[in-house]
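Descriptive structure summary
Residue strings, one per chain:
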Amino acid sequence: MNDQIFYGHSFKNANALLFRKKTENENQKKKKKNDEEEVKHIDQVSSALFFQYNTQLGPPYYILVDTNFINFSIKNKLDLFQSMMDCLYAKCIPCITDCVMGELEKMGTKYRVALRMARDERFQRLPCMHKGTYADDCLVNRVTQHKCYIVATCDRDLKRRIRKVPGVPIMYITKYRYSIERMPDAYGDVTSSWTLRGNFGFSEEQDSETGFLEHDEEPADELRNSSESLDSGWETDLEIEEPTKTFDPTGRRLYLAACASIGVTPVSYFLRHIEDKDMILRHHGLGAKGAKAIAIALVSNTTVVTLDLHDNNIGDDGTRYIAEMVKENCYISSLDLSSNKVGHIGCAAICDLLNNSGIIHDLNVSDNVFADKDAVVLADTIKVNEHLTTLNLSRNQFCEEGGVVLGPSITANDSIEMLDLSFNQIRRRGALAIAAGLKSNCTLRVLDLSWNGFEDDGARALCDSMRVNNTLTELNIRNNRISTVGAAHIARGLEGNNTLEVLKIGQNPIQTAGAHSILSAVRAKSDSAIHTLYLEDIYLDDDFFVLLKTLNERKAVKVIGRGRPSERTPLQLVKRFITDNYDHWFEVFGAFDPDGCGLISKAQFIQGLKEVDLTFDKGQMSWLCISLTEDRGSQISYKKPAENIKKKIPSAKASPKSATPATPSKKKNNKKSR
């Protein structure tokens, strides 16, 4: 009996132990199975928030308008379109969905004014493809899928839902004006990631090159709680006040904070003139870091229209910062990046700017290090650009191949009116391509090709283009090694052209014959528009001035040159008179000089000039008297202009001797007779 009890008790314990182990094994298997089957689900974040800011948000701003926002705008007597632009300092496009429009239509006559406003043509209508017409759900779903919108609403519940969607600002009404919520975190402030990290290449913690530290962003929960506390304190849907900093349209605060973080000294001139229309920052030695700080400040600036950064050594990096800034800024239309050692990378950034911005009309990138490979990128941009009117590419390193590439772009472009390619090395095939491009162009008015190597072949190609082109008004081909033959080609081009007004062909070896051929072509063309000829460093003889005088009787043509003046000096006119009237000169002025020393007073000299019919104005008379004054005294030498003339005219040598002793001989005869 005892044995049975013992074995029965042992059997129960063994069964309990086995059951416990079996249960533990099953629980472990279930747990393991559950761990394997469990899949972590993470909501996909929009690619627009890759840089912790909304890259799809930028001017012009697209604003989704809610029903009550339109109604409250009417109650507060706010112009919806103007108030939006006053709030954001940029172009705004209000958008309204089919659901919001349907909700307005269901509200009846009470909201008829709001419905009439919503039907304005300036609203962009967004079609809805989903089921149902609940406007709040429609707006939340749309901004969740597309991050390019700002939501305009005064509804507290809708604002709470929108705040849960990252990167979407909210516009509301406060103190009879529009205000914006979460705009700095979504788009960019000095404390936001867009300005300091996104577009200008900063890392999340610190830029490796400049040490630009990031700010401590406010947690989303804290922002949400603070915003909800604001809502809970009011019975209406109108927000009264938001404790945020006022928007700075000049960018002064941005600039000071950026300079402090980058480690550069703020430019006082920039701060003093940051509200001016023209920002001239020449020769300030900014460098790439200084250009970065200025770019950060001008992103939100609304006053600067012209930006001149000539000779600041900003290089490729600084050019990239400035180009990115101008793409976002909607006001800068004139940009000068000359003398900044910009190379291939900077050229690509400039071309990207021109391709993605229609604001720039005047661009100066002269005196950089652009080469023929950069001409390829520039040519592709020039062909398709429709906004640029002035382009300065002078003092670069474009050679023959660069001219070959740029020539067809001149033909294709329909907007550039002034093109400067001077001080390059364009020659041979490049010169022919540039001239051929001018033939079909219909907008170019001023073309500067000086200091290249066009030579006579390029002049022949320009001749063919000038005979066809009917828009060019000024052509500069100084210092292109054009000879007399090339000048003859240019003259032939002028014979078939009636629009060119200014021709600059000086500092070429065209000689007097070339100047004659050009002036003769202008004279032969009855409807020629030429009114100014630049003929510097070219000898112009008397026949040229006779021809010019004949031409000026019919039309006024101004000749500018340093080789020989177009008008004779007073001293030259005096010498010319003495050559033709030697005896008369000494007879008139000898009457004022009884001693025969050759010196008379200034008043006597002026009186003598009147007697010989030589008239000069006050300035010419003063210059003539100074040039004939002896040893800084007050006496004028009337014999000085005739010194060299005595040797050339033999008959004049005896005349003074025969004239002077004549009086004493008569006296002797009289004495003898007495």
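Not measured: the values here are computed from a predicted model.

What counts, and where the lines are drawn
- Residues numbered from 1 in each chain as written.
- Predicted model: local features only at pLDDT ≥ 70, side-chain atom pairs only at ≥ 80, totals over all residues.
- Heavy atoms only, no water.
- Pairing = 2+ DSSP bridges.
- Helix = DSSP H or I, 4+ residues; strand = E, 2+ residues; numbered from the N terminus.
- Axes fitted to C-alpha atoms, helices over the stretch in contact; angles between N-to-C directions.
- Buried < 20%, exposed > 50% of the residue type's maximum accessible area, 1.4 Å probe, protein only.
- Contact = heavy atoms within 4.5 Å.
- Salt bridge = Lys/Arg side-chain N within 4 Å of Asp/Glu carboxyl O.
- UniProt positions renumbered as here; feature names shortened; annotations may be inferred.
- Arc of directions from axis to C-beta.

**Considering the sheet that holds strand 7 (residues 278-280)**
Consider a sheet: its strands pair through backbone hydrogen bonds, and that pairing is either parallel or antiparallel. In space, the 11 strands of this open sheet follow the order 7-8-9-10-11-12-13-14-15-16-17, with parallel pairing throughout. The sheet terminates laterally at strand 7 and strand 17 (558-560), the two strands that pair on one side only. For this sheet the average axis-to-axis angle between neighbouring strands, irrespective of direction, equals 5°. In this structure, strand 12 (residues 418-420) lies alongside strand 13 (residues 446-448), joined through 3 bridges in parallel fashion. Paired with methionine 418 across the strands is valine 446, a residue of strand 13.

**Looking at the environment of isoleucine 70**
If you trace the backbone, isoleucine 70 turns up in helix 2 (residues 67-75). Accessibility expressed as a relative area gives 0% for isoleucine 70, which makes it buried. Sequence spacing of isoleucine 70 and leucine 80 is 10 residues, and the spatial spacing of their C-alpha atoms is 7.7 Å. For isoleucine 70, the residues in contact, after removing those within four places along its chain, are Val65, Leu80, Ile96, Leu104, Ala114, Met117 and Ala118.

**A closer look at helix 17 (residues 400-412)**
Those residues of helix 17 lying buried are Glu400, Gly402, Gly403, Leu406, Gly407, Ser409 and Ile410. Buried residues belonging to helix 17 abut helix 16 (372-384), strand 12 and helix 18 (429-440).

**Here we look at the pattern of salt bridges**
Tallying each qualifying case throughout the model produces 20 salt bridges. Ionic pairing is found between aspartate 317 and arginine 320, a salt bridge with its closest N-O pair at 3.1 Å. One end of the pair, aspartate 317, and the other, arginine 320, are both in helix 14 (residues 315-328), 3 residues apart, so they sit about a helical turn from each other. Taking the shortest distance from any N to any O, the salt bridge between aspartate 457 and arginine 460 comes out at 3.0 Å.

**Brief notes about the UniProt feature "domain: EF-hand" (unreviewed entry) in the protein chain**
With numbering aligned to this structure, UniProt lists the feature "domain: EF-hand" (unreviewed entry) at residues 580-615. Secondary structure over residues 580-615 splits into 56% helix and 6% strand, and the C-alpha atoms at its two ends are 17 Å apart.

**Overview of helix 24 (residues 582-590)**
In an α-helix, one turn spans 3.6 residues; hence positions three or four apart end up facing the same way. For helix 24, every residue scored as buried is listed here: Tyr582, Trp585, Phe586, Val588 and Phe589. Axial view of helix 24: buried residues confined to an arc of 165°, hence all on one face.

**A few points about the sheet that holds strand 3 (residues 124-126)**
Strand order in the open sheet made by the 6 strands is 3-2-1-4-5-6, with mixed pairing throughout. If you trace the sheet from one side to the other, it starts and ends with strand 3 and strand 6 (177-181), each paired once. Strand-to-strand twist in this sheet, taken as the mean axis angle between neighbours without regard to direction, amounts to 35°. Two strands pair when backbone bridges link them, and strand 2 (residues 92-97) and strand 3 are joined in this way by 3 bridges, in the parallel orientation. Within strand 3, the residue paired with cysteine 95 across the bridge is glutamine 124. Contacts from helix 4 (residues 98-106) reach strand 1 (61-65), strand 2 and strand 3, with the element oriented near 65° to strand 2.

**What to know about unusual backbone geometry**
The omega torsion of the bond from proline 59 to proline 60 falls at -5°, within 30 degrees of zero and hence cis. Along the chain, the position of proline 60 falls in the loop between helix 1 (2-37) and strand 1. You will see that arginine 428, though not glycine, has its phi angle at about 45°, which is positive. As for its position among the elements, arginine 428 is in the loop between strand 12 and helix 18.

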